[in-house]
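Next come the chains, spelled out residue by residue.
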Amino acid sequence: MEGPRIYFTIPIFGGINVNETEVNLLIVTLLLLVVSLILTHKMEKIPRKKTQLLAEKIVITIDNLVESTMGKRYMAFAPYMMTLFASSVFGSLISLVGLRSTTQDFNTTLCWALVTAFFIHYIGFKSSGFKGYLHSFAEPIAVMTPINMIGIVTTPMSMALRHFGNVLGGSAIMTLLYSAFAGVSSMIHLPIPALQVGVPAILSLYFDFFGGCMQAFIFCMLTMVYISNVGPSDDS
Amino acid sequence: MNGITGPDLIRAASAIGAGLALIAGIGPGIGEGYAAGKAVEAIGRQPESSGAVTKTLLIGCAMAETTGIYGLFIGLALLFFNPLL
Amino acid sequence: MTESVFSVNGWQLVFTLCNLLLDYFILKKFLYNPVKKMFALRQKEVEDVYAKADEAQTAAITMKTQYEEKMASAKEEADEIVRSATGRAQLRSDAMIAEARDSAADIIKRAGEQAEIEKKQALNEVKNQIADIALQAAETVIEKELDADSHRRMIDDFIESVGEDKWQS
């Protein structure tokens with residue numbers, strides 16, 4: 001099991017590595033750009049094209065999800081949630097065409113989790129002020145303060161590790177399966193590596209496709225829940 | 001039993017450790033099964049709220065799975081990118 | 001050359017953050033906002049259509065109210081005309097009847113008066129004739145010229161004392 005390949009190193013600041021994950025992140029970005037342009041190409045007031053219907057469906061779904069999870073006051077987060085979900089899904093799904101998943105790199109998921117943590121603390125700070133923000137660590141009782149302090153670190157850590165671990169686990173199992181099927185194929189002297197092509201594809205569908213979508217959804221849901229929990233609720 | 005060096009010992013111990021780490025999978029397995037059973041019950045009682053129940057179930061399962069993922073992560077780390085070697 | 005499977009790399013974190021921001025702007029600018037704008041346009045159009053329909057309905061209702069008002073006032077007017085005409089006709093007929101009654105009463109009254117006067121004249125004439133006859137009779141009896149005036153008075157008194165009832169019957 002290997003980490004992302006390093007393509008070249010920029011010789012400044014003691015050497016910045018340009019690796020597979022970063023390149024794939026750019027590929028995902030380009031993919032997102034192309035997909036968005038295709039989906040919103042020549043939109044009309046009365047939708048006639050399937051692409052426009054799809055685009056509208058996506059936006060409505062995201063809006064509804066954000067509204068039902070976070071409430072109306074956080075509707076500004078809808079595009080960010082869309083970004084997070086799309087980045088995660090596309091990042092995981094590019095493994096289907098043989099590229100390395102961007103989410104199979106701890107740095108990627110950690111970055112996303114850190115952004116979530118930033119929002120959590122920023123909104124907590126903004127909604128309840130400096131004193132209220134500090135006081136929120138002593139909730140519900142003062143004894144909980146150390147545990148809440150640990151929570152500052154563990155929340156993004158667990159989010160990042162969950163996503164990364166799931167993708168990595170799926171990838172590890174797939175790698176093991178590939179080598180196992182390769183061994184079986186060579187053992188029974190198949191002329192073509194039929195087992196390697198056929199059987200893992202079905203499992204790949206589960207680990208890469210289902211797992212990828214699932215983790216993206218969960219990451220977004222957790223982000224929304226965490227963010228909307230620190231701020232004041234809709235009722236107050 | 002000559003020729004067994006320190007790294008060999010570490011590898012062997014790591015393999016055992018990885019196996020032990022995956023015991024962590026038991027907890028989430030039981031927990032998620034229980035949660036899914038409860039979700040089925042809830043949907044059976046109130047089929048109209050199946051969407052909300054499913055969403056909550058997925059989130060809950062993901063949370064419950066975290067410990068299992070940690071165990072899996074430790075196991076993978078010991079097998080594939082062992083920090084001790 | 002590969003990176004390690006599990007490592008934290010500051011530069012890569014920064015790069016990922018920038019990439020996330022880039023993704024955010026791309027999706028917001030090219031997918032989210034255009035679709036939202038389309039929704040807003042559609043919403044506006046629907047609202048416009050509804051506003052127009054409301055306007056038309058309001059106008060129709062106003063027209064209907066006006067029409068109804070006009071109808072009601074016309075009916076009232078007609079009623080008024082009929083009523084006033086009836087009233088006037090009634091008055092006129094009343095007046096005519098009253099006049100007729102008056103004139104009839106007048107005629108009756110005058111006729112009565114006339115009759116009375118004639119009766120009186122006739123009575124007086126009869127009285128005078130009787131007095132003359134009585135006088136002539138007395139003259140012939142007495143053969144003597146009587147003092148016409150005093151005798152006439154005497155006869156008149158006699159007639160008065162006999163009473164009108166006897167004369168008339």
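This report concerns the structure included in the present document. (Residues numbered from 1 in each chain as written. Chains lettered and ligands numbered in written order. Predicted model: local features only at pLDDT ≥ 70, side-chain atom pairs only at ≥ 80, totals over all residues. Heavy atoms only, no water.)

In this section: the pairing of strand 2 (residues 16-19) of chain A. All names here are of chain A. In the sheet, strand 1 (residues 6-10) pairs with strand 2 via 4 bridges, with the strands oriented antiparallel. Note that in strand 2 the partner of Ile6 across the bridge is Asn19. Hairpin connection between strand 1 and strand 2: a loop of 5 residues separates the two successive antiparallel strands, and Phe13 in this loop has a positive phi of roughly 50°. (Pairing = 2+ DSSP bridges. Helix = DSSP H or I, 4+ residues; strand = E, 2+ residues; numbered from the N terminus.)

In this structure, A:Phe77 and A:Tyr80 are the most contacted members of the largest nonpolar core, which totals 57 residues. Listing elements by their share of this core, those giving two or more residues are helix 1 (20-39), helix 2 (50-70), helix 3 (78-93), helix 4 (106-135), helix 5 (145-187) and helix 6 (194-230) of chain A, helix 3 (50-80) of chain B together with helix 1 (10-142) of chain C. In contact with A:Phe77, other than residues within four places in its own chain, are A:Met70, A:Phe119, A:Ile123 and A:Ile227. Core analysis: the next-biggest nonpolar cluster, separate from the first, contains 5 residues, C:Ile130, C:Ala131, C:Ile155 and C:Ile159 among them. (Core = buried A, V, L, I, M, F, W, Y, C linked by side-chain atoms within 4.5 Å. Buried < 20%, exposed > 50% of the residue type's maximum accessible area, 1.4 Å probe, protein only. Contact = heavy atoms within 4.5 Å.)

Looking now at helix 1 of chain C. Residue and element names in this part refer to chain C. In this model, helix 1 (133 residues) spans 186 Å end to end at C-alpha, consistent with the 198 Å of a helix rising 1.5 Å per residue. Along its length, helix 1 shows its largest kink, about 45°, at Lys28. The N-terminus of helix 1 is capped by Asn9, whose side-chain oxygen sits 3.1 Å from the backbone nitrogen of Trp11. (Expected span 1.5 Å × (residues − 1). Bend = angle between axes of the 7 residues up to and from the residue. Polar contact = N/O pair within 3.5 Å; in protein donor to acceptor, adjacent residues only side chain to side chain.)

Now for the interface of chain A and chain C. Taken together, the 52 residues of chain A in the interface contact 34 residues of chain C. Between chain A and chain C, a total of about 4,100 Å² is buried, with carbon and sulfur atoms accounting for 72% of that surface. Summed over the shared surface of chain A and chain C, the result is 2 salt bridges. Across the salt bridge formed by A:Asp63 and C:Lys36, the nearest N and O atoms sit 2.4 Å from each other. (Buried area = accessible area lost by both parts, 1.4 Å probe. Salt bridge = Lys/Arg side-chain N within 4 Å of Asp/Glu carboxyl O.)

Chain B puts 14 residues into the contact, and the matching count from chain A is 21 residues. Together chain B and chain A conceal approximately 1,500 Å² of surface at their shared face, both sides included; 81% is due to carbon and sulfur atoms. Looking at the side of chain B facing chain A, the largest losses of area belong to B:Lys55, B:Ile59 and B:Phe80, adding up to 32% of the total buried there. Counting the contacts that link chain B with chain A gives 0 salt bridges. Connecting chain B to chain A are 2 residue pairs in polar contact (both at pLDDT 80 or more). The residue makeup of the side of chain B that touches chain A, split by class, is 11 nonpolar, 1 polar and 2 charged. (Nonpolar A, V, L, I, M, F, W, Y, C, P; charged D, E, K, R; others polar.)

All told, the structure shown has 18 aromatic pairs over all chains when counted by the stated rule. When the centroid spacing of 5.4 Å and the interplanar angle of 65° are considered together, the rings of A:Tyr80 and A:Phe119 count as edge-to-face. Of the two residues, A:Tyr80 is situated in helix 3 and A:Phe119 in helix 4; the sequence distance between them amounts to 39 residues. No difference in accessibility class separates A:Tyr80 from A:Phe119, as the two residues are buried. Feature note: the residues A:Tyr74, A:Phe77, A:Tyr80, A:Phe118, A:Phe119, A:Tyr122, C:Tyr24 and C:Phe25 constitute an aromatic cluster, connected by ring pairs. The ring of A:Tyr74 carries A:Arg73 above its face, with NZ or CZ at 5.5 Å from the centroid. Over the face of the ring belonging to C:Phe30 we find C:Lys29, whose NZ or CZ atom lies 5.5 Å from the ring centre. (Phe/Tyr/Trp six-rings, centres within 6.5 Å; stacked < 30°, edge-to-face > 60°. Lys NZ or Arg CZ within 6 Å of the ring centre and 35° of its normal.)

With that settled, consider the environment of A:Ile173. Relative to the elements of secondary structure, A:Ile173 occurs in helix 5. Note on A:Ile173: relative accessible area 33%, which makes it partly exposed.

A few words on the pattern of salt bridges. Scanning the entire structure with this criterion turns up 10 salt bridges over all chains. Notably, a salt bridge pairs A:Arg5 with A:Glu20, separated by 3.6 Å at the nearest N-O pair. Residue A:Arg5 is found in the segment before strand 1, and its partner A:Glu20 is found in helix 1; the two are separated by 15 residues along the sequence. For A:Arg5, a relative accessible area of 41% corresponds to the partly exposed category. A relative accessible area of 10% places A:Glu20 in the buried class. For the salt bridge of C:Lys44 with C:Asp48, the shortest nitrogen-to-oxygen distance reads 3.7 Å. Separated by 4 residues within a single helix, C:Lys44 and C:Asp48 lie in helix 1, roughly one turn from each other. For C:Lys44, a relative accessible area of 48% translates into the label partly exposed.

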